[in-house]
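Coordinate inspection notes
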Amino acid sequence: MKRDLLKVCLEENTPLWDQCLDTPFLRGIAQGTLPEDCFKGYIVDDSLYLREYSKAFAWGMLHAQDMAEIRAYYSLLSFVNEGEGATRRQYLKKYGLTDESIQHLPLRPENRAYVDRMIEGARDGEGAAECLMASLPCMLSYGYIFRKMVERNPGVLDTVYGPFVRDYAGEKYEESCRQWMEFAEKVCKELPEERWETCRKLFWDCSVHEQKFWEMSQNPREDV
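Residues numbered from 1 in each chain as written. Predicted model: local features only at pLDDT ≥ 70, side-chain atom pairs only at ≥ 80, totals over all residues. Heavy atoms only, no water.

1. With respect to the overall build of the protein
Of the regular secondary structure elements, the protein holds 10 helices and 0 strands. Mapped from its N terminus to its C terminus, the protein presents α and β elements in the order α-α-α-α-α-α-α-α-α-α. On C-alpha atoms alone, the protein measures out to a radius of gyration of 17 Å, which is about the 17 Å that the 2.2 N^0.38 rule sets for 224 residues. Taken along the three principal axes of its C-alpha coordinates, the protein extends 50 × 35 × 30 Å. In the protein, the proportion of contacts linking residues at least 24 apart, taken out of those at least 6 apart, comes to 84%. As presented, the protein carries roughly 10,600 Å² of accessible surface, and 50% of it is formed by carbon and sulfur atoms. (Helix = DSSP H or I, 4+ residues; strand = E, 2+ residues; numbered from the N terminus. Rg over C-alpha atoms; globule rule 2.2 N^0.38 Å. Contact = heavy atoms within 4.5 Å. Areas by Shrake-Rupley, 256 points an atom, 1.4 Å probe, with all protein chains shown as cover.)

Next up, the structure:
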């Protein structure tokens, strides 16, 4: 019997997500000691990342087999824009920035390498399995990381970073993750062995890029 792809990916990648929690950036968030110029740079980088992240779903739609699958991508795009976007825009406003004012800025090398790998996976894949294995490491790792952070450092919710952490540690985000995991389990059933391994590697690669993104974020941008 073929192993459950998503289950295998979670087992293999959770230790990597634990390592992310120990990066200086996330330790600083948890303790409320992260310099705000680092967080300002992160919010800019994340905004540029999410613009590219959305393009992965465009490739998913292009490869879609039916309208139900296309509606699923629309749902995730809406979640990214309305859920993650609202708090992120509030932080941009706090720092005197807007989405429009930062669009000309370059992606830092770690960010560019990440989105290129993600879009490549969705573009060159055969369908929903590859698109989801490219995009879910971001979504699922954030839920895991920030729930763990609140368990260990509940006081983080009372810091300047509280609204940001709360977005990913809350029940609404957890429920969305569950729904997308169910969708992933559905589209990843009965994959041929070669495609199964391709998806497994794609999930791993994107988790590694997540870690590099957190490491990058410890260094503030110098252009904002």
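Next, the rest of the story.
2. Considerations on unusual backbone geometry
One non-glycine residue, Glu190, lies in positive phi territory at about 60 degrees. Residue placement: Glu190 occurs in the loop between α9 (171-187) and α10 (193-217).

3. Here we look at the nonpolar core
Among the nonpolar cores identified, the biggest contains 78 residues, and Phe39, Met133 and Phe146 are the most heavily contacted of them. The greatest single-element share of this core, amounting to 16 residues, is contributed by helix α7 (residues 128-152). Not counting residues up to four positions away in its chain, the partners in contact with Phe39 are Phe25, Ile29, Leu34, Tyr91, Tyr95, Tyr161 and Phe164. (Core = buried A, V, L, I, M, F, W, Y, C linked by side-chain atoms within 4.5 Å. Buried < 20%, exposed > 50% of the residue type's maximum accessible area, 1.4 Å probe, protein only.)

4. Points about a negative patch on the surface
On the surface, a cluster of negative charge is made up of Asp4, Glu11, Glu182 and Glu185. Note on placement: Asp4 falls in the segment before α1 (5-21). (Patch = residues over 30% accessible without salt bridge, like charges linked within 9 Å, V, L, I, M, F, W, Y side chains within 5 Å. Salt bridge = Lys/Arg side-chain N within 4 Å of Asp/Glu carboxyl O. Lys, Arg positive; Asp, Glu negative; His and termini not counted. Charge placed at Lys NZ, Arg CZ, Asp CG, Glu CD.)

5. Things to note about the pattern of salt bridges
As enumerated under the stated definition, the model contains 19 salt bridges in all. Its salt-bridge partner being Glu12, residue Arg200 comes within 2.2 Å of it at the nearest N-O pair. Taken together, the residues span a long stretch of sequence, with Arg200 in helix α10 and Glu12 in helix α1 at a distance of 188 residues. Residue Asp45 is joined to Arg108 by a salt bridge in which the shortest nitrogen-to-oxygen separation is 2.6 Å. Of this pair, Asp45 sits in helix α3 (residues 36-63) while Arg108 sits in the loop between α5 (99-102) and α6 (109-124), placing them 63 residues apart in sequence. Take Asp45 and Arg108: they sit in the same class, and that class is buried. Bridged by salt links that share partners, the residues Asp45, Arg108, Arg221 and Asp223 form one connected network.

6. What about the packing of α6 against α10?
Here α6 crosses α10 at 160 degrees, and the two axes come no closer than 9 Å. The pairing of α6 with α10 is recorded here as roughly antiparallel in orientation. For the pair α6 and α10, the crossing hand works out as left-handed. For the pair formed by α6 and α10, the contact residues are Glu110, Asn111, Ala113, Tyr114, Arg117, Met118 and Gly121 on the first element and Leu202, Asp205, Cys206, His209, Glu210, Lys212, Phe213 and Met216 on the second. Taken together, the residues that form the contact of α6 with α10 break down as 7 nonpolar, 3 polar and 5 charged. (Axes fitted to C-alpha atoms, helices over the stretch in contact; angles between N-to-C directions. Parallel < 35°, antiparallel > 145°, perpendicular 65-115°, else oblique. Left-handed = near helix turned anticlockwise from the far one by under 90°. Nonpolar A, V, L, I, M, F, W, Y, C, P; charged D, E, K, R; others polar.)

7. Comments concerning α9
The end-to-end C-alpha separation of α9 is 25 Å, in line with the 24 Å expected for 17 residues at 1.5 Å each. By the burial criterion, the buried members of α9 are Tyr173, Ser176, Cys177, Trp180, Phe183 and Ala184. Along the axis of α9, the buried residues cluster in a sector spanning 125 degrees; they form a single face. Seen from the buried face of α9, the exposed residues on the opposite side, beyond 90 degrees, are Glu171, Glu182 and Lys186. (Expected span 1.5 Å × (residues − 1). Arc of directions from axis to C-beta.)

8. Notes on the environment of Lys201
Inspection of the secondary structure puts Lys201 in helix α10. Sequence spacing of Lys201 and Pro106 is 95 residues, and the spatial spacing of their C-alpha atoms is 27 Å.

9. Some details on the state of the cysteines
Within this structure, the stated rule accounts for 0 disulfides. You can see Cys9 has no disulfide; the closest cysteine sulfur is in Cys188, sitting 7.9 Å from it. Since its relative accessible area comes to 0%, Cys9 is described here as buried. Distance from the sulfur of Cys38, which forms no disulfide, to the nearest cysteine sulfur (Cys20) is 17 Å. (Disulfide = S-S within 2.5 Å.)

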